[in-house]
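Observations on chain architecture
Now for the letters of each chain:
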Amino acid sequence: MSFWKKRLSSTSLSSRIVIVMLALLLAVQVAGFWAVRAAVERQVRNEITSDLTVAARIWERLLQQNAQRLREASIVLAADYGFRSAVTTGDQDTIASALENSGERIGASITALLDPNLRLVSSSQTGGSDAMVATVLSDIGTILSKDVDGSRVALVNGGVYQFVMIPVRAPLTVGWVLMGFPVSQPLLDDLKRLSGVNITLLSGKNADTHELKLTTLRQQHEAVLRAAQVGAQEVKIDGDSMVARYVAIEAVGGALQVVLMRSIAEVNAPFAKLQWMLGLITLGGVFLFAIGSQQAARWVTQPLKELTLLAQALASGNFDVKVAGKERGDEVGLLANGFDSMRTSIAAQREEILRLAYWDRLTGLPNREKFREALKAAIENNQDSAAPLVVITLNLDRFKHVNDVLGYAFGDELLKAVAERLQQQVSGPGNLVARLAGDEFAILLTQSDAQIALAVTEQITKAFEVPLAFDEQTVDLSASMGLACWPTDATDADLLLSRSEIAMHAAKTQIAGVLFYTPTLDSSSTLTLSLLSDLRHALQNDELRLFLQPKISTATGQVVAAEALIRWRHPQRGLVPPMDFIPFAEQTGFVRQLTIWMFETAAQQWLNLQPTEGDLRIAINLSTRDLMDLDFPQRLATIMQSTGVSPSAFCLEITESAIMDDPQRAEATLYKLSEQGFKLSIDDFGTGFSSLAYLKRLPVNELKIDKSFVMAMDKDESDAKIVRSTIDLAHNLGLTVVAEGVENEALLNKLRELNCDEAQGYFIAKPMPFDEFVEWRTRWNASI
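Here we summarise the structure given alongside this text. These figures come from a predicted structure and were not determined experimentally.

Here's the deal with the overall build of the protein
Helices and strands together make up the secondary structure of the protein, namely 26 helices and 28 strands. Counting every position in the protein, which comprises 784 residues, the buried fraction comes to 45%. Counted over contacts in the protein with a minimum sequence separation of 6, partners at least 24 positions apart contribute 63%. Of the roughly 39900 Å² that the protein leaves accessible, carbon and sulfur atoms contribute 54%.

Here's what the structure looks like:
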């Protein structure tokens, strides 16, 4: 079956339509053929039964006709005066002559005269001397004397005869005339001619000693004898099957049986011709149906082929093709119109996607991807001339504070104004202004060296000295800028942009305003480049390890959750501290791959980490890069689906700084994650200035108090008050609270008094490999 499925799947639609239609037609024809055949077989059997019944009646009728003819001849002889006188006087010669003459006249082989006591007086068969024949004839006379109008079949000297008997009266009965007509071959031939049935006459003292007397069959008489002995209903004669019926006849002098046989082939012959005719009609119908199906299939599939070519054209990006078949009023026409609607819709969506993929919706400027492609093209164009170019990245100072104080709507208007001012300051062919993310912008200066780029940054700084006014609100802005030159600082686009951003972040940290990239800003460029390669190698060669730091319920002391942490065991450097590679991974964007690795590993081990009662929740930290990735929620959903773990088994910890780089995009990502079922936690709560602002906006479930407040809580009353108020605030908002930095038992007891939900810290346990976590948890829970 699978072979035929593969064969059908590899054929064209038109061929499959023809094959299916022909298969259905053949199935119907075969079913009809078998139904006709079964009906023919039943009809043949019925006709044979009817023919045999008719033949049996014809046999009886022939015997009756012979008996009537004998009776009439016997009456003539018995009524003859001379014969009656001879009988009365006992004149044997006259009697014998009369009997012989009468028998020859009517064809009677046996003629006899019996006295009134039914003793044989004279017979043409014996001359009156054979005692056995005399006995048989006397017995026949005795039987027929009781039924003068009847006849009787008897075996005489091995022959089969039909007898009638008439009284001779003068006027009293002076004797009986007995006449026997031979049952001969012509009688059987007449029966076959009238009914078409073969007849065989068997005689003998009993059924086991039957002898064949007469038959219309030409040969294989032994088969009839064998069939008669067992009463077989079907006899094989000369390769032809015949249905047999047995008719027993009361005979004097032995058993007598008539075997009527009808040939099945003869009766079936007319029907066989009909079946052949039906077969020829079926073949002709299949041929015509195949041609018609092929034409109909082409009528359906030809437009589909044209639509397939159209789909291929659409796939290649050609949306100007014409859709054929729209004018048809059938389903194919509807499909063609649907394709045309899809073509125009895809074209419009493609334009929109390209716009969204390469252009910032808020400011109308090119986005990071568009800027990156433009930078690549500029580098390629400058390869021959070796003309330098410069990338400037710019980040607004205090923009987050503007958002928190004046709101996101005001911040959006501010970004539009900044984009407009930057475009006014940057002109010239090939130069480009783009918005990379949040409040970060980039400027591409082609055909420019460091001096020209520095002059541009000074113009931008002066432009920002003019306050921006919106709705009677005046805002002073400044910006930190980093510059990287090609080919001095980097030879490819990605590295050049990355080093420009490194210089910008350094300028922001050092409050320097503008900085050119130098290798010293990059914490040793050679080491950093090798670190990125080593990180990729570590991910591919199983050098990363997942550690877990437990969280306990302050109410029960039981382990209820664990924070997942990543560790790197380098083959040469040994155990690399997280602070040596996590910030770099965040800076280069490689942290997104590390986050996915942590989720995959934790999800795969989640089931093994579960206690016998309850569930263990795993917390994983998210970076800014994760929140800026619009595909991040879908990637997590795929991992959850492939491992069969529910999103509710994970808690995602996010910091204020991760959100504030692009609040709108981060907020959209967090809402998607929350809708999927992930629990969200605000990490390091209390260290930012706007924690309460985004706490109100985001779909968070948990607050994690920063360890800087918890660790000194037993010594500094101010810290204790901050922790107490944070716990009360979170509970009033329906949130749970986790305190990190629990370094001693006194802190744990204090948190329990303040109704903090969960605690985490070195007093409970340091981070440990996940394969040691289960054994540690068993010991800890047992000690409670």
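Some details on the packing of helix 12 (residues 408–425) against helix 13 (residues 450–464)
Contact geometry of helix 12 with helix 13 gives a least axis separation of 10 Å together with a crossing angle of 140 degrees. The angle between helix 12 and helix 13 falls in the class oblique. When the axes of helix 12 and helix 13 are compared, the crossing they make is right-handed. Judged by residue contacts, Val418, Arg421, Leu422 and Gln425 of helix 12 engage Gln459, Ile460, Ala463 and Phe464 from helix 13. Classifying every residue of the contact of helix 12 with helix 13 gives 5 nonpolar, 2 polar and 1 charged.

Focus: helix 13
With 15 residues, helix 13 extends 21 Å from end C-alpha to end C-alpha; this agrees with the ideal 21 Å at 1.5 Å per step. The set of residues buried in helix 13 consists of Ala453, Val456, Thr457, Ile460, Ala463 and Phe464. Down the axis of helix 13, the sector holding all buried residues measures 120 degrees, keeping them to one side. Within helix 13, the exposed residues directed more than 90 degrees away from the buried face are Gln451 and Lys462. Put simply, Asp449 is the residue that caps the front of helix 13, since its side-chain oxygen is 3.3 Å from the backbone nitrogen of Gln451.

Quick look at the sheet that holds strand 13 (residues 432–437)
The mixed open sheet is built from 5 strands, whose spatial order is 13-14-12-17-18. Each edge of the open sheet is held by one strand with a lone partner, namely strand 13 and strand 18 (514–516). Neighbour-to-neighbour, the strand axes of the sheet open up by a mean angle of 20 degrees, direction not taken into account. Bridge count for strand 13 against strand 14 (residues 440–445) is 5 bridges, and the pairing is antiparallel. What sits directly across from Arg435, in strand 14, is Phe441. Helix 12 rests against strand 12 (389–396), strand 13 and strand 14 of the sheet, and its axis sits at about 15 degrees to strand 14.

Topic: the sheet that holds strand 1 (residues 110–114)
Sheet strands associate in pairs through backbone hydrogen bonding, adopting either a parallel or an antiparallel arrangement. As summarised here, the arrangement of the 6 strands in space is 2-1-5-4-3-10, forming an open sheet in which the pairing is mixed. The outermost strands of the open sheet, each flanked by one partner alone, are strand 2 (120–123) and strand 10 (251–252). Sheet topology places strand 3 (residues 152–156) next to strand 4 (residues 159–169); 5 bridges connect them, and they run antiparallel. Of the residues in strand 4, the one forming a bridge with Arg152 is Phe163. Strand contacts of helix 3 (residues 81–89): strand 1, strand 4 and strand 5 (173–182), with the helix running at about 85 degrees to strand 4, the strand carrying the most contacts. Across the face of the sheet, helix 5 (residues 131–145) comes into contact with strand 1, strand 2, strand 3, strand 4, strand 5 and strand 10 while running at roughly 60 degrees to strand 4.

Notes on a nonpolar patch on the surface
Residues Val36, Leu274, Met277, Leu278, Leu280, Ile281 and Leu283 make up a contiguous nonpolar surface patch of roughly 640 Å² in combined accessible area. Tracing the sequence through the fold places Leu274 in helix 8 (residues 264–315).

Re the pattern of salt bridges
Going through the model one piece at a time under the given rule, you end up with 17 salt bridges. Ionic pairing is found between Lys416 and Glu413, a salt bridge with its closest N-O pair at 3.6 Å. Pair noted here: Lys416 and Glu413 are both in helix 12, with a separation of 3 residues, about one helical turn. According to the relative accessible area criterion, Lys416 is partly exposed, its value standing at 35%. Assessed through its relative accessible area of 37%, Glu413 is described here as partly exposed.

Some remarks on the nonpolar core
Phe599, Leu627, Leu636, Phe650 and Leu751 are the most contacted members of the largest nonpolar core, which has 80 residues in total. When residues of this core are assigned to their parent elements, the largest contribution, 10 residues, is made by helix 17 (residues 591–609). If we skip the residues at most four places from it in the chain, Leu636 touches Ile596, Phe599, Leu652, Leu673 and Phe678. Leu396, Phe399, Leu422 and Val456 belong to the second-largest nonpolar core, a separate cluster that totals 31 residues.

As for empty space enclosed by the protein
This structure, assessed with the given rule, holds 1 cavity of 30 Å³ or more. By volume, the largest cavity is sized at about 80 Å³. If you trace the largest cavity, you find 13 residues lining it, with Asn403, Asp412, Leu415, Arg435 and Pro663 closest to the centre. At the level of secondary structure, the elements contributing two or more residues to the lining of the largest cavity comprise helix 11 (399–406), helix 12 and helix 21 (663–676). Element by element, the count of residues in the lining of the largest cavity is highest for helix 12, at 4 residues. A per-class count over the lining of the largest cavity returns 4 nonpolar, 4 polar and 5 charged.

Quick look at the packing of helix 19 (residues 632–643) against helix 21
Two numbers describe how helix 19 lies on helix 21: the axes approach to 9 Å, and their chain directions differ by 20 degrees. Judged on the interaxial angle alone, helix 21 and helix 19 are roughly parallel. The interaxial crossing formed by helix 19 with helix 21 has right-handed handedness. Taking contact as the criterion, the partners of Phe632, Pro633, Gln634, Leu636 and Ala637 in helix 19 are, on helix 21, Thr669, Lys672, Leu673 and Gln676. Classifying every residue of the contact of helix 19 with helix 21 by side-chain character gives 5 nonpolar, 3 polar and 1 charged.

Topic: the pairing of strand 9 (residues 240–249)
Two faces make up the sheet, and in a regular strand the side chains alternate between them. In this sheet, strand 9 lies alongside strand 8 (residues 234–237) in antiparallel orientation, the contact comprising 4 bridges. Paired with Lys236 across the two strands is Ser241, which belongs to strand 9. Where strand 8 hands over to strand 9, the hairpin turn is made up of 2 residues, of which Asp238 adopts a positive phi near 55 degrees.

The rules behind each value
Residues numbered from 1 in each chain as written. Predicted model: local features only at pLDDT ≥ 70, side-chain atom pairs only at ≥ 80, totals over all residues. Heavy atoms only, no water. Helix = DSSP H or I, 4+ residues; strand = E, 2+ residues; numbered from the N terminus. Buried < 20%, exposed > 50% of the residue type's maximum accessible area, 1.4 Å probe, protein only. Contact = heavy atoms within 4.5 Å. Areas by Shrake-Rupley, 256 points an atom, 1.4 Å probe, with all protein chains shown as cover. Axes fitted to C-alpha atoms, helices over the stretch in contact; angles between N-to-C directions. Parallel < 35°, antiparallel > 145°, perpendicular 65-115°, else oblique. Left-handed = near helix turned anticlockwise from the far one by under 90°. Nonpolar A, V, L, I, M, F, W, Y, C, P; charged D, E, K, R; others polar. Expected span 1.5 Å × (residues − 1). Arc of directions from axis to C-beta. Polar contact = N/O pair within 3.5 Å; in protein donor to acceptor, adjacent residues only side chain to side chain. Pairing = 2+ DSSP bridges. Patch = residues over 30% accessible without salt bridge, like charges linked within 9 Å, V, L, I, M, F, W, Y side chains within 5 Å. Salt bridge = Lys/Arg side-chain N within 4 Å of Asp/Glu carboxyl O. Core = buried A, V, L, I, M, F, W, Y, C linked by side-chain atoms within 4.5 Å. 1 Å grid on protein atoms, 1.4 Å probe; cavity = no way out; pocket = protein on both sides within 12 Å on 5 of 7 lines; lining within 4 Å. Points joined across faces, edges and corners; volume = space filled by probe spheres on them.

Everything listed here is a matter of geometry and, on its own, says nothing about what the molecule does.
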